[in-house]
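Each chain is listed here by its residues.
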Amino acid sequence: MDANKEALLIIDYTNDFVADDGALTCGKPGQEIEDYIVNLADNMKENAFIYLPTDIHVKDDPFHPETKLFPIHNQENTWGRELYGKLAPWYQANKSNTVQLMDKTRYSSFAGTNLDILLRERHVDTVHLVGVCSDICVLHTAVDAYNLGYKIVIHEKGIATFTDNGQEWSLNHFKNSLGATIKE
Ligand code: ZN
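Residue positions are given per chain, counted from 1 along the sequence in the order it is written. Residue-level local features of this predicted model are given only where pLDDT is at least 70; pairs of side-chain atoms are given and counted only at 80 or more, and the full residue set underlies all totals for whole chains, interfaces and linings. Heavy atoms from the whole structure form the basis of all side-chain values; hydrogens and water molecules are not counted.

1. Comments concerning the coordination of the zinc ion
Moving on, step 1. Atoms of type N, O and S within 2.8 Å of a metal are treated as its donors, and for Na, K and Ca the window is 3.2 Å; water is not considered, so some sites may appear to be missing partners. Listed as protein donors to the zinc ion are Asp-55 (OD), His-57 (NE2), Glu-66 (OE) and His-73 (NE2); their distances from the metal cover 2.0 to 2.2 Å.
Moving on, step 2. Donor angles set the geometry label: tetrahedral for four donors if every angle is between 85 and 135 degrees, square planar for four and octahedral for six if opposite donors exceed 155 degrees and the others are between 65 and 115, irregular for anything else. Because the angles between the four donor atoms bound to the zinc ion fall within 92 to 167°, the donor set is best described as irregular.
Moving on, step 3. Here the donor residues for the zinc ion map to a single chain with the spacing D-x1-H-x8-E-x6-H. Comparing His-57 with Glu-66, the two get one shared label, buried. We call a residue buried when its accessible area falls under 20% of the maximum for its residue type, exposed when it is over 50%, and partly exposed in between, using a 1.4 Å probe and counting protein chains only.

Here it is in structure tokens:
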């Protein structure tokens, strides 16, 4: 099998983070990136590994730091944790050895998951990031990717967050502090 050097991470693109009535939604900015993400996934699926690191939480977990910070979101087997919009049928049609949903419990897709070892086994050296929220889970994933030595590509039209300020700050940070390539 050919060495495959790239992966696309679609982060937290669920109803709770994106839909109008999601529990922790970034709303319209999150909804506006739907087509970009699905088209990108479609274009990359033949030549890249695609992972969908997705929050999973337990209600009122006294040991989880987010319990105090946010309303419960992305509970297992709820509508809120289902992938948002067109990404849901896209995932059902394409899930495979190279297109996989992945549970995560922290902001970073690398924290407490086997993502790093999966990427290393597959000789991936570049991670493309899309999803939400730019300044929380995408940011923390990018910071860990940076520290682990991956090249980072941020798709500006494929990430979103609650505020314009947060979006602008995170794009600057990806570019100037993490050395990411920003795809416009
Ligand atoms: Zn969370």
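2. Focus: the layout of surface pockets
If a probe the size of a water molecule is rolled over the atoms, the empty space left behind becomes visible.
Moving on, step 1. For cavity detection a 1 Å grid was placed over the protein atoms alone, and a set of points counts as a cavity when a 1.4 Å probe fits there but cannot get out; an open set counts as a pocket when protein lies on both sides within 12 Å along at least five of seven lines, with lining residues being those that have an atom within 4 Å of a point. Grid points are joined across faces, edges and corners, and a volume is the space filled by probe spheres set on the points. The calculated volume of the largest pocket comes to roughly 230 Å³.
Moving on, step 2. A run of H or I in DSSP counts as a helix once it spans at least four residues, and a run of E counts as a strand once it spans at least two, with each numbered from the N terminus. By residue number, the principal contributor to the lining of the largest pocket is helix 4 (residues 87-94), which donates three residues.
Moving on, step 3. For this classification, the nonpolar set comprises Ala, Val, Leu, Ile, Met, Phe, Trp, Tyr, Cys and Pro, the charged set comprises Asp, Glu, Lys and Arg, and every other residue, Gly included, is treated as polar. A class-by-class count of the residues in the lining of the largest pocket yields four nonpolar, four polar and four charged.
Moving on, step 4. Empty space within the second largest pocket amounts to approximately 180 Å³.

3. Describing unusual backbone geometry
Moving on, step 1. In this chain, Val-132 is followed by Cys-133 through a cis amide linkage whose omega measures -10°.
Moving on, step 2. Structurally, the position occupied by Cys-133 is in the loop between strand 4 (126-132) and helix 6 (137-148).
Moving on, step 3. In this structure, Asp-60 takes a positive phi of about 60° despite not being glycine.
Moving on, step 4. With respect to the element layout, Asp-60 can be found in the loop between strand 2 (49-55) and helix 4.

4. Comments concerning the pairing of strand 3 (residues 99-104)
Moving on, step 1. Relative to strand 3, strand 2 runs parallel, the two being bridged by six bridges. When the bridges of strand 3 are listed, Ile-50 appears paired with Val-99.
Moving on, step 2. The parallel pair strand 2 and strand 3, bridged by helix 4, forms a crossover whose chirality is right-handed. What makes two strands pair is DSSP finding at least two bridges between them. Here the term right-handed applies to a crossover when the path leading from its first strand over the helix to its second strand runs clockwise, the strands being oriented away from the viewer.

5. Thoughts on helix 4
Moving on, step 1. Those residues of helix 4 not exposed but buried are Leu-87, Trp-90, Tyr-91 and Asn-94. For helix 4, the arc enclosing every buried residue in end-on projection is 95°, short of the 170-degree limit, so these residues lie on one face. Of the residues in helix 4, the exposed ones pointing more than 90 degrees away from the buried face are Pro-89, Gln-92 and Ala-93. Taking the helix axis as origin, the arc is that swept by the directions to the C-beta atoms.

6. Overview of the pattern of salt bridges
Moving on, step 1. By definition here, a salt bridge exists when the distance from a side-chain nitrogen of Lys or Arg to a carboxyl oxygen of Asp or Glu is within 4 Å. A full pass over the atoms with the stated rule returns eight salt bridges.
Moving on, step 2. Between Asp-35 and Lys-86 there is a salt bridge; the shortest N-O distance is 2.5 Å. Taken as a pair, Asp-35 in helix 3 (residues 34-44) and Lys-86 in the loop between strand 2 and helix 4 lie far apart in primary sequence, 51 residues in all.
Moving on, step 3. What makes Asp-35 partly exposed here is its relative accessible area of 38%.
Moving on, step 4. A relative accessible area of 43% means that Lys-86 is categorised as partly exposed.
Moving on, step 5. Note that Arg-81 and Asp-103 form a salt bridge whose closest N and O atoms lie 2.7 Å from each other. Placement of Arg-81 in the loop between strand 2 and helix 4 and of Asp-103 in strand 3 is noted, with a sequence separation of 22 residues between them.

Scope: geometric values only; no functional claims are made or implied.
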